[in-house]
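# Survey of secondary and tertiary structure
Here's the letter readout for the chains.
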Amino acid sequence: MRVKLLGIIVSAVGVLVAPVPAGAHHGAATFDTGKEITLKGVVTEWIWANPHCFLKFDAKDESGTLRNWAVETQNPVSMTARGWSRGAFKVGDEVTVKLEPVKNGAPVGRILTVLLPNGQTLVAVGPQPAAATAQ
Amino acid sequence: MAERFVALAIGVVALLTLSSSAAAQTWNFTGMTPAQFKSLPPGGPAPVRDLNGIWDGGPTGVGATGQEAERAAARSPFTPLGEEMARENRPGNGPRKVLVHEINDPLSTLGDPAGFPRIVTFELRAVQITQTPNQVLMLYMFEKRYRVIWTDGRSLPKDPDPRWYGYSVGRWEDDYTFVVETVGLDDRTWIDNDGDPHSTALRVIERYRRVNQNTLELTVTIDDPKIYTKPWLVRNRMPLRLLPPGTDVMEMIPSASEAQAYQQVISSKTK
């Protein structure tokens, strides 16, 4: 009962709190801040590592060219608090990735959200989904 | 109205969390805003000469982005040697931050230790403090690193061989304030995530003040006359909050192989 109550209250807090800037080992100048790209692709690798986790996936861009993307998140501790895990992706998973690309046009960026094959959406930025932190 | 509800909800969450070790195995406070972190309940009065417990620096402890202006304002001006050394450091944060592929942070690009005092200025997440009859041990979540602070009355070494984490002695200034002095620090490390340098002449003073049962305040003074024109506070009464005793602190180890992988897969492609 107490756990349930905790979950409800923590969820409410999670919805109402403002975004918290995460700890980061670099600034945002490399990224095309505010630009969003959504790509459907197939996971080729998921690296659960410091200082950033990163997801590699094959996806076709607007011109139909297939490229292997590498997109980062925060570190494993911060991502765990958001409900991500070392086993969040398997090679071959079909995913839809919303990302903020780097400015130089390379297939590199940082993840905003990922839609998983089971319909779940993992969120990488903004308010921390507090339900995942109440463990 | 929404603010009142948030405050109430946070208070209830915190009370439940702090009172239930079983429900808080990996809980930490880094996802909170500074205001929410500050509003956690104080608990009872501070125990005498007791720092034992698992503490969490919250969002400020992490050194989150958005705190750079405050850090820059606190820093003392560089000496000419300090300016020269600072130019060599290309950090990812702070007033001298560079693009991702230009960063030469030894911690994030080489997998070097954070070293001291950086372990308390960046990624200060959970830290377990344990007192023994002749030591205070600091067990850090970040790097899964520990420090030994001697409390047996010994003096600091006069001409120490520099170490990543230096040599530390501590004493109780009063029943609630523990003061640590550290020297002999390796100048390959940075003071903080902003690439502020130091020399081997650096002397660091940490003051841990037990404000109440659930709160510890940390103030850290940087005294390095070769690099800075006067001493300055890199942490100024930063609160740490007590985590439930059953908290299973997660690993957060910035390994060299992971740093190398990041350089190859992400950083090198952002040029």
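Look a little higher up for the structure.
Anyway, here's the lowdown on the structure attached to this text.

Definitions and limits used
- Residues numbered from 1 in each chain as written.
- Chains lettered and ligands numbered in written order.
- Predicted model: local features only at pLDDT ≥ 70, side-chain atom pairs only at ≥ 80, totals over all residues.
- Heavy atoms only, no water.
- Helix = DSSP H or I, 4+ residues; strand = E, 2+ residues; numbered from the N terminus.
- Buried < 20%, exposed > 50% of the residue type's maximum accessible area, 1.4 Å probe, protein only.
- Contact = heavy atoms within 4.5 Å.
- Areas by Shrake-Rupley, 256 points an atom, 1.4 Å probe, with all protein chains shown as cover.
- Phe/Tyr/Trp six-rings, centres within 6.5 Å; stacked < 30°, edge-to-face > 60°.
- Pairing = 2+ DSSP bridges.
- Core = buried A, V, L, I, M, F, W, Y, C linked by side-chain atoms within 4.5 Å.
- Axes fitted to C-alpha atoms, helices over the stretch in contact; angles between N-to-C directions.
- Salt bridge = Lys/Arg side-chain N within 4 Å of Asp/Glu carboxyl O.
- Lys, Arg positive; Asp, Glu negative; His and termini not counted.
- Polar contact = N/O pair within 3.5 Å; in protein donor to acceptor, adjacent residues only side chain to side chain.

## A closer look at the overall build of chain A
Within chain A one finds two helices and six strands. Mapped from its N terminus to its C terminus, chain A presents α and β elements in the order α-β-β-β-α-β-β-β. Looking at the 135 residues of chain A, the share that counts as buried comes to 50%. For chain A, the share of sequence-separated contacts (at least 6 apart) that also reach a separation of at least 24 residues comes to 59%. When the accessible surface of chain A is totalled, it reaches about 6100 Å², and 57% of it is carbon and sulfur.

## Quick word on the overall build of chain B
The helix and strand tally for chain B stands at eight helices and nine strands. The proportion of buried residues among the 271 residues of chain B is 54%. Considering only residue pairs separated by 6 or more positions, chain B has 62% of its internal contacts joining residues 24 or more positions apart.

## A word on the packing of aromatic side chains
One pair of aromatic rings is described through two measures. These are the centre distance and the angle between the planes. In this structure the tally under the stated criterion is eight aromatic pairs over all chains. A ring pair is formed by Trp84(A) and Phe89(A), whose centres lie 6.0 Å apart and whose planes are at 65°; its orientation type is edge-to-face. Both residues of the pair, Trp84(A) and Phe89(A), count as buried. Taking the centre distance of 6.4 Å and the plane angle of 75° together, the rings of Phe122(B) and Phe142(B) count as edge-to-face.

## Describing the pairing of strand 6 (residues 177-183) of chain B
Residues and elements named next belong to chain B. With six of its seven residues buried, strand 6 lies for the most part within the structure. Pairing between strand 5 (residues 167-174) and strand 6: seven bridges, direction antiparallel. Looking at the pairing, serine 168 lines up with threonine 182 of strand 6. Where strand 5 hands over to strand 6, the hairpin turn is made up of two residues, counted between the paired strands. Here six bridges tie strand 6 to strand 7 (residues 203-212), and the two strands are oriented antiparallel to one another. Counterpart to glutamate 181 in the pairing with strand 7 is isoleucine 205.

## Some words on the nonpolar core
Among the nonpolar cores identified, the biggest contains 44 residues, and Val120(B) and Tyr208(B) are the most heavily contacted of them. For this core, the secondary-structure elements that each account for two or more residues are strand 1 (53-56), helix 7 (118-121), strand 2 (126-131), strand 3 (135-140), strand 6, strand 7, strand 8 (215-223) and strand 9 (232-242) of chain B. Ranked by residues supplied to this core, first place goes to strand 9 of chain B with five residues. Leave out the neighbours within four places in its chain, and Tyr208(B) touches Leu51(B), Val120(B), Met138(B), Arg147(B), Tyr176(B), Thr177(B), Phe178(B), Val180(B), Leu216(B), Glu217(B) and Leu218(B). Among the nonpolar cores identified, the runner-up in size contains 22 residues, and Leu39(A), Trp48(A), Val95(A) and Ala124(A) belong to it.

## Let's talk about the sheet that holds strand 3 of chain B
All names here are of chain B. Judged by pairing direction, the barrel is mixed, and its nine strands sit side by side in the order 1-2-3-4-5-6-7-8-9 before closing back on the first. Geometrically, the sheet is characterised by an average inter-axis angle of 30° between neighbouring strands, direction not taken into account. Pairing geometry for strand 1 and strand 2, over four bridges, is antiparallel. Bridge pairing links aspartate 56 to alanine 126 in strand 2.

## Focus: the pattern of salt bridges
Residues and elements named next belong to chain B. One pass over the full model with this rule turns up 21 salt bridges over all chains. Measuring nitrogen to oxygen at the nearest pair gives 2.7 Å for the salt bridge that ties glutamate 123 to arginine 125. A residue is classified by how much of its surface remains accessible, and glutamate 123, at 6% relative accessible area, is buried. A relative accessible area of 2% places arginine 125 in the buried class.

## What about the pairing of strand 2 of chain B?
All names here are of chain B. Here strand 2 pairs with strand 3 via five bridges, running antiparallel. If you follow glutamine 128 over to strand 3, its bridge partner there is leucine 139. Between strand 2 and strand 3, which follow one another and run antiparallel, lie three residues.

## Regarding the side chain of Glu72(A)
Here Glu72(A) is to be found in strand 3 (residues 66-72). Lacking a salt bridge, the buried Glu72(A) has Arg110(A) as its closest oppositely charged neighbour, with an N-O distance of 5.4 Å. Here Tyr262(B) takes part through its side chain, which lies 2.5 Å from a polar atom of the side chain of Glu72(A). Ignoring any residue separated from it by four or fewer positions in sequence, one finds Glu72(A) in contact with His26(A), Phe31(A), His52(A), Cys53(A), Phe54(A), Gly109(A), Arg110(A), Ile111(A), Tyr262(B) and Ile266(B).

## Brief notes about the environment of Ala124(A)
Residues and elements named next belong to chain A. Among the secondary structure elements, alanine 124 is positioned in the segment after strand 6 (121-123). Residues alanine 124 and serine 63, 61 residues apart in the sequence, show an inter-C-alpha distance of 27 Å. Ignoring sequence-local partners within four residues, the contact set of alanine 124 consists of Met79, Arg82, Trp84, Ile111 and Leu112.

## Concerning the side chain of Arg241(B)
Residue and element names in this part refer to chain B. Topologically, arginine 241 is positioned in strand 9. Although arginine 241 lies buried, it forms no salt bridge, and the closest oppositely charged side chain, glutamate 217, sits 9.1 Å away as judged by the N-O distance. Of note is the side chain of arginine 241, whose polar atom sits 2.7 Å from the backbone oxygen of leucine 40.

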